[in-house]
Amino acid sequence: MGQAVLEYEGVEVSYGGRPVVGPVSFALSEAQALGVVGASGSGKTTLACAALGLLAPGGRISAGDIRLRPQGCAAPVSLTQLRPAQLRALCGTSMGMVFQDALASLNPVRRIGSQAFEAVRAHERTSRAQVARRFAALLERLALSDPERVMAGYPAELSGGMGQRVGIALALLLRPRVLFADEPTASLDVIAQRAVADELARLSADEGVALVLITHNIALARHLCDEALVMSGGAVADQGPLAHVLSADRACPEARALLDAVPQLTGREGR
Ligand SMILES: Nc1ncnc2c1ncn2[C@@H]1O[C@H](COP(=O)(O)OP(=O)(O)OP(=O)(O)O)[C@@H](O)[C@H]1O
């Protein structure tokens, strides 16, 4: 493995002084993708929020460290040592996040194109036209037709699936080195799911983005990830190469439960 871009070392998260998730350790290098899988409430989203400084009030990293190697930095940065403003400066460019409910994170009273411009402008000197071109290209790759109309509109004019893809495009617009994607395809039809999966695969393979994919969707994890981490009740149940961790004959009970839950559809005659 090359140099780690993102490293969790014995990370534990507590709420109200009570440990709820951890300890979790993993390292990801450029172009690697980690699938974080597990039942609802097992701690997947909390792991991402810990890196991004987005834990809910009362939550904190109570043990361990998260290290990130921003572009052009020789030494990794310990995220637990940063002041909130320093962490915010890394969010977007060095670390991006695609939320489960991307639409809810958009400002309802600003046009989508303006939000894209403001997001990029906060980190780099650029023009409205340049951002619009980049954003439109991303929206098209995510199978959103008529990107001009989307950019001129407001969040309330988008369906859930369109909003999800706008949220993904906004995160990718800043070209993060590490991308946390929390159920990025949950609200999408199969064509849009395919487009999002293809775009995430392209980012990883062509642009070297390190991806942390949080999902219940085993097929998506298999498609995108080389490593897997299985969470159960806040702890790591298993981790390692995905082909091992999610193989039918080797899977731990928690991974097996997820594998068994994948619907096996048969015709009416098969019932
Ligand atoms: N704001 C909070 N206050 C107290 N405990 C919390 C809070 N947020 C999360 N937790 C604790 O962390 C655990 C993990 O929650 P988390 O949202 O990370 O799970 P998840 O695996 O992402 O679930 P899902 O798949 O449903 O999104 C919860 O079971 C809960 O005990």
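Residues numbered from 1 in each chain as written. Predicted model: local features only at pLDDT ≥ 70, side-chain atom pairs only at ≥ 80, totals over all residues.

- Looking up the chain in an unreviewed UniProt entry gives the name ABC transporter ATP-binding protein, with the organism given as Berryella wangjianweii.
- Quoted verbatim from the Subcellular location (unreviewed entry) field of the UniProt record, the comment on the chain reads "Cell membrane".
- Taken verbatim from the UniProt record of the chain, the Sequence similarities (unreviewed entry) comment is "Belongs to the ABC transporter superfamily." (UniProt positions renumbered as here; feature names shortened; annotations may be inferred.)

### Some remarks on the pairing of strand β8 (residues 210–214)
Phase 1: For β8, the tally of buried residues reaches five of five residues, placing the bulk of the element in the interior.
Phase 2: Here β8 shows a buried face lined by A210, V212 and I214 and a second buried face lined by L211 and L213.
Phase 3: Where strand β7 (residues 178–182) lies against β8, five bridges are found, and the strand directions are parallel. Residue D182 lies in a different strand from β8, and its bridge partner there is I214.
Phase 4: A crossover links β7 with its parallel partner β8, the connecting element being helix α7 (residues 190–207), and its sense is right-handed. (Buried ≥ 20, exposed ≤ 12 C-beta atoms within 10 Å, placed from the backbone. Helix = DSSP H or I, 4+ residues; strand = E, 2+ residues; numbered from the N terminus. Pairing = 2+ DSSP bridges. Right-handed = clockwise from strand over helix to strand, strands pointing away.)

### What to know about unusual backbone geometry
Phase 1: A cis amide bond links G22 with the next residue in sequence, P23, at an omega value of -5°.
Phase 2: For P23, the location among the structural elements is in strand β2 (residues 18–29).
Phase 3: The phi torsion at A31 lies on the positive side, around 70°, for a residue other than glycine.
Phase 4: Secondary-structure assignment places A31 in the loop between β2 and β3 (33–38).

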